Amino acid sequence: MISISRPIIEDEERQAVLEVLETGQLAQGPRVAMLERRFAEQCCTKHAIAVSSGTAALHLALLAHGVGPGDEVITSPFSFVATASTIMMTGAKPLFADVREDDFCLDPASVRRLLSPRTRAIIGVHLFGQPFDVDAVSRCAADAGVPLIEDAAQAIGGRYGGRPVGSFGTGCFSLYATKNIMCGEGGIVTTNDGILDEQVRLLRSHGASQQYQHVRLGYNLRMNDLCAAIGVAQLAKLERFTCRRRENAAFLDARIQGTKLPRELPGRYHVYHQYTVRIERDRDGVAARLHHAGVGTGVFYRTPIHKQPFVREAVGDVSCPVAERLANEVLSLPVHPSVTDQELLQVVTALNGAVRGA
Ligand SMILES: Cc1ncc(COP(=O)(O)O)c(C=O)c1O
């Protein structure tokens, strides 16, 4: 079976973990500091703070921006649940703007309609590796006088107008095992704001300004040095991995027929965390035929966040027609760096055949 994702673990990652084990310094230490320095360089930001997951990155970014009960945060319903559940963790209410057909990301016009004096932040999602319309969404945030948070969990290495994602607002990245680079479980917050940097550092470690001195309520959401060592090794390979993903996407673009393909929009550098096509008729039947032909696929996301039971209970009935239609049509195909050309051909043949037969 050609899998939809496969972490790449090579000698560098193995060696890095063994070195940490030999030092005996397993908790947050010098490898975390090294990953933070290199990540900040990669994103062209002044600061990067390593935390235990992408979810922790979003949660702590929101808290550091002062989001809390009574506030509203506007975001996308077409994303992983953590994009909005982290808003609810702070006690604030998520408001769902619809997404665009062409990039699956926030529709700025829909965002603008939801702005109000209660708006406290906007979270845009660089979904599947394609940056969202940063200019238009930033303008909404600036007009409302609220921070822009970039959910860049799927888009490390992506660029908008030549600038790295995570450098426009407060960047939140995931290093979960299936991401473009990974460390098992991990996350990073990026920012140019020294105060935000300080607050996220406090929040990730029990609000401690120094050992056993707790200046605010905090959590234990630290990254450990074993994970950070893997992250450092992976970051060094980001360019290679990204080039291979983009080559694989171009290979699929050139050969798939009769299916709506993902499109890299002008000014955006797509890093193809997922290669997501749209199957307008019998998507699940097509996926089953691909599975039968040995091709693994993924449906991200079958249920938009505003339709998840616990979210619906909190925010009531919300309508986002584009997100709802996409949820019925999207199908992600293998595009990760370890898929071979022969496997890609197998994907193409199986998909073209399955779509013709649908
Ligand atoms: C868009 C998006 N946001 C947030 C997250 C949460 O990251 P993590 O799984 O590292 O907590 C993910 C991870 O799947 C994601 O894809």
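Everything below is about the structure printed above this text.
These lines cover the structure that appears in this document, whether it is placed above or below. Please read all numbers here as calculations on a predicted model, not as lab measurements.

## Quick notes on the site of the ligand
Okay, so step 1: Within the structure, the ligand sits among 17 residues, and Gly 54, Thr 55, Asp 151, Ser 174 and Lys 179 are positioned closest to it.
Okay, so step 2: At a separation of 2.8 Å, an oxygen atom of the ligand approaches a polar backbone atom of Gly 54.
Okay, so step 3: One of the side-chain N or O atoms of Thr 55 is found 2.5 Å from an oxygen atom in the ligand.
Okay, so step 4: Considered on its own, the ligand offers 390 Å² of accessible surface; in the complex 92% of this is hidden by protein.
Okay, so step 5: With respect to the pocket detection grid, the ligand is positioned in the largest pocket.
Okay, so step 6: With three residues, helix α3 (residues 54-64) is the single largest residue contributor to the shell around the ligand.
Okay, so step 7: Residues of the shell around the ligand, tallied by class, amount to seven nonpolar, eight polar and two charged.

## Describing the environment of Val 146
Okay, so step 1: Turning to its location among the elements, Val 146 is positioned in the loop between α6 (134-144) and β5 (148-151).
Okay, so step 2: Taking relative accessible area as the criterion, Val 146 reaches 11% and is therefore assigned buried.
Okay, so step 3: With residues near it in sequence (within four places) discarded, Val 146 still touches Thr 119, Arg 120, Ala 121, Ile 122 and Ala 141.

## Some remarks on the sheet that holds strand β1 (residues 47-51)
Okay, so step 1: Strand order in the open sheet made by the seven strands is β1-β9-β8-β5-β4-β2-β3, with mixed pairing throughout. Strand pairing shows two members of the sheet lacking a second neighbour, β1 and β3 (93-96), which therefore form its edges. Adjacent strand axes in the sheet meet at a mean angle of 25° when their direction is disregarded.
Okay, so step 2: Alignment of β5 against strand β8 (residues 170-174), held across three bridges, turns out to be parallel. Across the sheet, Asp 151 pairs through a bridge with Cys 172, a residue of β8.
Okay, so step 3: Along the sheet, helix α7 (residues 194-204) contacts β1, β8 and β9 (187-191); its crossing angle with β1, the most-contacted strand, is approximately 15°.

## Brief notes about unusual backbone geometry
Okay, so step 1: Looking along the chain, the bond that leaves Phe 300 and enters Tyr 301 is cis, with omega of 10°.
Okay, so step 2: Mapping Tyr 301 onto the fold places it in the loop between α10 (283-292) and α11 (309-315).
Okay, so step 3: Phi at Cys 44 is positive, roughly 55°, even though this residue is not glycine.
Okay, so step 4: Given a relative accessible area of 52%, Cys 44 falls into the exposed group.

## Overview of the layout of surface pockets
Over the atoms, a rolled probe matching the size of one water molecule traces out where space is still vacant.
Okay, so step 1: Its volume calculated, the largest pocket comes out at about 610 Å³.
Okay, so step 2: If you go around the largest pocket, you meet 38 residues; those closest to its centre are Gln 154, Tyr 176, Thr 178, Lys 179 and His 273.
Okay, so step 3: If you list the elements that add at least two residues to the lining of the largest pocket, you get α3, α4 (82-89), β8 and α9 (238-255).
Okay, so step 4: Class assignment of the residues belonging to the lining of the largest pocket gives a composition of 19 nonpolar, 14 polar and five charged.

## Some words on the nonpolar core
Within soluble globular proteins, side chains that are nonpolar tend to cluster in buried spots.
Okay, so step 1: Residues Phe 78, Ile 122, Tyr 275, Leu 331 and Leu 333 are the most contacted members of the largest nonpolar core, which totals 58 residues.
Okay, so step 2: Per element, the largest residue contribution to this core is seven residues, and it comes from helix α13 (residues 341-357).
Okay, so step 3: Counting only domains with at least three residues in this core, you end up with domain 1 (11-235) and domain 2 (238-357).
Okay, so step 4: Not counting the four nearest positions on each side in its chain, Tyr 275 is found in contact with Ala 249, Leu 252, Asp 253, Ile 256, Leu 261, Pro 262, Leu 331, Ser 332, Leu 333 and Val 335.
Okay, so step 5: If you look at the next biggest cluster of nonpolar residues, it comprises 26 residues, including Ala 50, Phe 173, Ile 230 and Phe 241.

## Examining the sheet that holds strand β7 (residues 163-164)
Okay, so step 1: Judged by pairing direction, the sheet is antiparallel, and its three strands sit side by side in the order β7-β6-β12 without closing on themselves. In the strand order of this sheet, the two ends are held by β7 and β12 (268-269), each with one partner.

Analysis parameters
Residues numbered from 1 in each chain as written. Predicted model: local features only at pLDDT ≥ 70, side-chain atom pairs only at ≥ 80, totals over all residues. Heavy atoms only, no water. Near = heavy atom within 4 Å. Polar contact = N/O pair within 3.5 Å; in protein donor to acceptor, adjacent residues only side chain to side chain. Areas by Shrake-Rupley, 256 points an atom, 1.4 Å probe, with all protein chains shown as cover. 1 Å grid on protein atoms, 1.4 Å probe; cavity = no way out; pocket = protein on both sides within 12 Å on 5 of 7 lines; lining within 4 Å. Sits in = over half its atoms within 2 Å of the grid points. Helix = DSSP H or I, 4+ residues; strand = E, 2+ residues; numbered from the N terminus. Nonpolar A, V, L, I, M, F, W, Y, C, P; charged D, E, K, R; others polar. Buried < 20%, exposed > 50% of the residue type's maximum accessible area, 1.4 Å probe, protein only. Contact = heavy atoms within 4.5 Å. Pairing = 2+ DSSP bridges. Axes fitted to C-alpha atoms, helices over the stretch in contact; angles between N-to-C directions. Points joined across faces, edges and corners; volume = space filled by probe spheres on them. Core = buried A, V, L, I, M, F, W, Y, C linked by side-chain atoms within 4.5 Å. Domains from an automatic or database assignment.

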